[in-house]
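# Survey of secondary and tertiary structure
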Amino acid sequence: KQEVTQIPAALSVPEGENLVLNCSFTDSAIYNLQWFRQDPGKGLTSLLLIQSSQREQTSGRLNASLDKSSGRSTLYIAASQPGDSATYLCAAGGRGTSYGKLTFGQGTILTVHP
Amino acid sequence: DAEITQSPRHKITETGRQVTLACHQTWNHNNMFWYRQDLGHGLRLIHYSYGVHDTNKGEVSDGYSVSRSNTEDLPLTLESAASSQTSVYFCASSELAGGPHNEQFFGPGTRLTVL
């Protein structure tokens, strides 16, 4: 059974810092890995999707990497802003009989203070 | 723009009542999913569907059912609501595999309280 862990559980940084959020998964046979952002009381917004054959994806100040062999993904946020404050979730997408099903980590609560 | 909507956004019901949560997507996606989100447990899969008339049980399916009569809708029914089903429910959808478009998109959620 796939298990996904996110470290740290919470992170507080001053504006302008570059930061890294970590995600690890126990079963390397994933189809893809997806990073989401969730604001309080809101739904999930997809940030980046990395296919199993890819090593990284970039969108603006966000860069996500994937190392299947070690069961790790990282989300790098450059030049953080107060508007980046949210909960960040990673989810591993299953393949085969688990196709399309996402297993989520518990999330990292990020606070960026001015 | 294509989107995924859920209704109602908030619902309060009593123990033992049947409740149906609606999910409607205009992406024309084949895959649809229901999750619940609880403190301490994160997001967990309840039921999912790969297409019309297809339904499958997820990790926490007891007490829930779904039916898929068309591509756009996957309603979630709580047969006899229990206090343990108080949660925030999210619907999601994605395309078939085989290409780059298997990203899952989520609805805004329904907050359900069972008294």
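Here we summarise the structure given alongside this text.

### As for the overall build of chain A
Each helix and strand in chain A was counted, giving zero helices and eleven strands. Traced from its N-terminal end to its C-terminal end, chain A shows the element sequence β-β-β-β-β-β-β-β-β-β-β. Taken over the C-alpha trace, chain A has a radius of gyration of 14 Å; the compact-globule value for 114 residues is 13 Å, and the two agree within 12%. Its C-alpha atoms put chain A at 45 × 30 × 20 Å along the principal axes. Counting over 114 residues, chain A shows a buried share of 46%. Side-chain charges of chain A comprise 9 positive and 8 negative groups, with the mean position of each set lying 9 Å from the other.

### Focus: the interface of chain B and chain A
Of the residues lining the interface, 25 residues belong to chain B; the matching set on chain A comes to 21 residues. Buried surface at the junction of chain B and chain A, summed over both partners, amounts to about 1700 Å²; 49% is from carbon and sulfur atoms. Among the residues of chain B in contact with chain A, Leu43(B), Asn102(B) and Phe106(B) are the three that bury the most area, contributing 27% of the side total. At the junction of chain B and chain A, the tally comes to one salt bridge. Between Glu59(B) and Lys1(A) there is a salt bridge, with its nearest N and O atoms 3.9 Å apart. Joining chain B to chain A, the criterion identifies five residue pairs in polar contact (both at pLDDT 80 or more). Breaking the side of chain B that touches chain A down by element, the ones donating at least two residues are strand 4 (31–38) and strand 5 (42–49) of chain B.

### Topic: the packing of aromatic side chains
Summed over all chains, the structure comprises ten aromatic pairs over all chains. Taken together, the ring pairs connect Phe36(A), Phe104(A), Phe33(B), Tyr35(B), Tyr48(B), Tyr50(B) and Phe106(B) into an aromatic cluster.

### Observations regarding the sheet that holds strand 6 (residues 56–59) of chain A
Residues and elements named next belong to chain A. Spatially, the five strands line up as an open sheet ordered 1-3-8-7-6, and their pairing is antiparallel. The open sheet has two edge strands, strand 1 (4–7) and strand 6, and neither has a second partner. Averaged over all adjacent pairs, the angle separating strand axes in this sheet is 15 degrees, with direction ignored. Pairing analysis gives four bridges linking strand 1 to strand 3 (residues 19–25), with the strands arranged antiparallel. Bridge pairing in strand 3 links Ile7 to Asn22.

### So, the nonpolar core
Ranked by size, the top nonpolar core spans 23 residues in total, and within it Leu33(A), Trp35(A), Leu75(A), Ile77(A), Tyr88(A) and Leu110(A) carry the most contacts. Sorting the residues of this core by element identifies strand 3, strand 4 (30–38), strand 5 (44–51), strand 7 (62–67), strand 8 (72–77), strand 9 (86–94) and strand 11 (108–113) of chain A as the ones contributing at least two each. In contact with Leu110(A), other than residues within four places in its own chain, are Leu11(A), Val13(A), Leu19(A), Ile77(A), Asp84(A), Ser85(A), Ala86(A) and Tyr88(A). By size, the runner-up hydrophobic cluster in this structure holds 18 residues, among which are Ile46(B), Leu76(B), Ala81(B) and Cys91(B).

### Notes on the side chain of Asp84(A)
With respect to the element layout, Asp84(A) can be found in the loop between strand 8 and strand 9. Excluding its chain neighbours within four sequence positions, the residues that come into contact with Asp84(A) are Arg37(A), Arg61(A), Ile77(A), Leu110(A) and Val112(A).

### Some points on the state of the cysteines
All names here are of chain A. Inspection of the entire model under this criterion finds two disulfides over all chains. Disulfide partner of Cys23: Cys90, at an S-S distance of 2.0 Å. Measuring the twist about the S-S bond at about 80 degrees, one finds the Cys23-Cys90 disulfide to be right-handed. Of this pair, Cys23 sits in strand 3 while Cys90 sits in strand 9, placing them 67 residues apart in sequence.

Thresholds, definitions, all that
- Residues numbered from 1 in each chain as written.
- Chains lettered and ligands numbered in written order.
- Predicted model: local features only at pLDDT ≥ 70, side-chain atom pairs only at ≥ 80, totals over all residues.
- Heavy atoms only, no water.
- Helix = DSSP H or I, 4+ residues; strand = E, 2+ residues; numbered from the N terminus.
- Rg over C-alpha atoms; globule rule 2.2 N^0.38 Å.
- Buried < 20%, exposed > 50% of the residue type's maximum accessible area, 1.4 Å probe, protein only.
- Lys, Arg positive; Asp, Glu negative; His and termini not counted.
- Charge placed at Lys NZ, Arg CZ, Asp CG, Glu CD.
- Contact = heavy atoms within 4.5 Å.
- Buried area = accessible area lost by both parts, 1.4 Å probe.
- Salt bridge = Lys/Arg side-chain N within 4 Å of Asp/Glu carboxyl O.
- Polar contact = N/O pair within 3.5 Å; in protein donor to acceptor, adjacent residues only side chain to side chain.
- Phe/Tyr/Trp six-rings, centres within 6.5 Å; stacked < 30°, edge-to-face > 60°.
- Pairing = 2+ DSSP bridges.
- Axes fitted to C-alpha atoms, helices over the stretch in contact; angles between N-to-C directions.
- Core = buried A, V, L, I, M, F, W, Y, C linked by side-chain atoms within 4.5 Å.
- Disulfide = S-S within 2.5 Å.

Function-wise, these values are silent; they only describe arrangement.
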